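These are the residues of each chain, in order.
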Amino acid sequence: MPSLPTAILFDLDDTIIQAYAKPEEAWSRLLAQFADHLGDPADPGALDTTRRTILEEARDFWGDPARAARWRLDIGGARRLVVRRALARLNRPDEALADRIGDAFTEMRRQEYRLFPDALATIDRLRGHGVRLALVTNGQAETQRAKVVRFDLERRFEHVQIEGEFGKGKPEPEVYHHVLDRLGVRADESWMIGDNIEWEVIVPQRLGMCGIWYDPHGIGLPPDSPVRPDRILARLSEILE
Ligand SMILES: [Mg+2]
């Protein structure tokens, strides 16, 4: 019999569904489709250079917390801007092409969303044990709600809280307070599980919850990290062991 809390809050992206992982590999595949526009017979590494520049621009773009909070409500628009900046930095500015590339990446990601193999079974077994469940996700109302519907998650959670619908996103404390309120549970009888160290471990721990880090790709914490997740899971089903 696993030792389980009264309530568990789950993150959605890259916790229940695989959404944004492995960007290098994803951009390589996407850019290959645009080889006619981006390739250069004199430079066999042109696509690699483009990918590297896009990833650098993306890191820079998302590295600013205020900008990230604004643009995570319009990921598609953000991707267009990032690719525009990358092409401009490569001295081949082309906003129309950048927007096509950004949109194609967004659509490729959407098509490739997949549940982690053990996600639904784990959620259903937790429900069977009587654990109160909430889904807490940042992002735009329409895109996040579409994922919830597509993967049949709505009926599995007592409360689904989407940033674009609620009006605030993680890591703002009101987000967690509201979820706990809706479930009618205390912080110290609740776990938060997710792949984002700040949003799903540090802040929940500060609020009195257990912060459980989901690390499905085995990346591990940096050796000098001061963060101590209450648990680290490689698979969601480990919480039932
Ligand atoms: Mg996540």
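Details of the structure are given in the entry above.
Residues numbered from 1 in each chain as written. Predicted model: local features only at pLDDT ≥ 70, side-chain atom pairs only at ≥ 80, totals over all residues. Heavy atoms only, no water.

## As for the packing of aromatic side chains
For the record, the criterion: Stacked, tilted and edge-to-face pairs are distinguished by plane angle, under 30 degrees for stacked and over 60 for edge-to-face with tilted covering the rest, among Phe, Tyr and Trp rings (Trp via its six-membered ring) whose centres lie within 6.5 Å. What counts as a helix is a DSSP run of H or I of at least four residues, what counts as a strand is a run of E of at least two, and both are numbered from the N terminus. Buried, partly exposed and exposed residues are distinguished by accessible area as a fraction of the type maximum, computed with a 1.4 Å probe on protein chains only: under 20%, between the cut-offs, and over 50%, respectively. By definition, being over a ring means that NZ of Lys or CZ of Arg is both within 6 Å of the ring centre and within 35 degrees of the ring normal.
Counted under the stated rule, the structure contains 5 aromatic pairs. Look at Phe61 and Trp71: their rings are 6.0 Å apart centre to centre, the planes differ by 65°, and that puts the pair in the edge-to-face class. Here the residue Phe61 occupies a position in helix H3 (residues 46–62), and Trp71 occupies one in helix H4 (residues 65–71), the gap between them amounting to 10 residues. You'll find Phe61 and Trp71 in the same group, each marked buried. Here Phe116 and Tyr214 contribute two aromatic rings whose centre-to-centre distance is 5.2 Å and whose plane-to-plane angle is 85°, an arrangement assigned as edge-to-face. Note that Phe116 is positioned in the loop between strand E3 (114–115) and helix H7 (119–128) and Tyr214 in strand E7 (residues 210–214), a separation of 98 residues in sequence. We note that Phe116, like Tyr214, is buried. In this structure, Arg67 packs its charged tip against the face of Phe61, placed 4.8 Å from the ring centre.

## Here's the deal with the layout of surface pockets
Worth spelling out the cut-off: Using protein atoms alone on a 1 Å grid, points that fit a 1.4 Å probe yet trap it form a cavity, whereas open point sets bounded by protein on both sides within 12 Å along at least five of seven lines form a pocket; residues with an atom within 4 Å of a point count as lining. Grid points are joined across faces, edges and corners, and a volume is the space filled by probe spheres set on the points. For this scheme, ten residues count as nonpolar: Ala, Val, Leu, Ile, Met, Phe, Trp, Tyr, Cys and Pro. Four count as charged, namely Asp, Glu, Lys and Arg, and the remainder, Gly too, count as polar.
Counted as a void, the second largest pocket has a volume near 190 Å³. In terms of lining residues, the second largest pocket is bounded by Gln18, Ala19, Tyr20, Ala21, Lys22, Glu25, Arg29, Arg109, Glu112, Arg114 and His217. Listed by contribution, the elements that provide at least two residues to the lining of the second largest pocket are helix H1 (23–32) and helix H6 (95–112). Partitioning the lining of the second largest pocket into residue classes produces 3 nonpolar, 2 polar and 6 charged.

## Some words on the pattern of salt bridges
Test applied: When a carboxyl oxygen of Asp or Glu is within 4 Å of a side-chain nitrogen of Lys or Arg, the pair counts as a salt bridge.
Taken as a whole and judged by the stated rule, the model has 26 salt bridges. Close ionic contact of Asp11 with Lys170 constitutes a salt bridge, the shortest N to O distance being 3.0 Å. In this pair, Asp11 sits in the loop between strand E1 (7–10) and strand E2 (17–18) while Lys170 sits in the loop between helix H9 (163–166) and helix H10 (173–183), placing the two residues 159 residues apart along the sequence. Here the two residues Asp11 and Lys170 agree in accessibility, since each one is buried. Put simply, Asp99 and Arg80 hold a salt bridge, and the shortest N to O gap is 3.6 Å. With Asp99 in helix H6 and Arg80 in helix H5 (residues 75–89), the pair connects residues that are 19 residues apart, well separated along the chain. By relative accessible area, which is 12% here, Asp99 ends up buried. Relative accessible area serves as the criterion here: at 32%, Arg80 is assigned to the partly exposed category.

## Overview of unusual backbone geometry
It is generally the case that most residues other than glycine have a negative phi and that most peptide bonds are trans. Between Lys170 and Pro171 the backbone carries a cis peptide bond, its omega angle lying at 10°. As for its position among the elements, Pro171 is in the loop between H9 and H10. Here Asp14, not a glycine, exhibits a phi torsion of approximately 65°, which is positive. We note that Asp152 has phi near 55°; this positive angle belongs to a residue other than glycine. One can find Asp152 in the loop between helix H8 (141–150) and strand E5 (159–162).

## Remarks on the coordination of the magnesium ion
To be explicit about the condition: Metal coordination here is assigned from N, O and S atoms located within 2.8 Å of the ion, or within 3.2 Å for Na, K and Ca; omission of water means that sites may look incomplete.
Coordination sphere of the magnesium ion, protein contribution only: Asp11 (OD), Asp13 (O) and Asp195 (OD), at 2.1 to 2.2 Å. Assessed through its relative accessible area of 5%, Asp11 is described here as buried.

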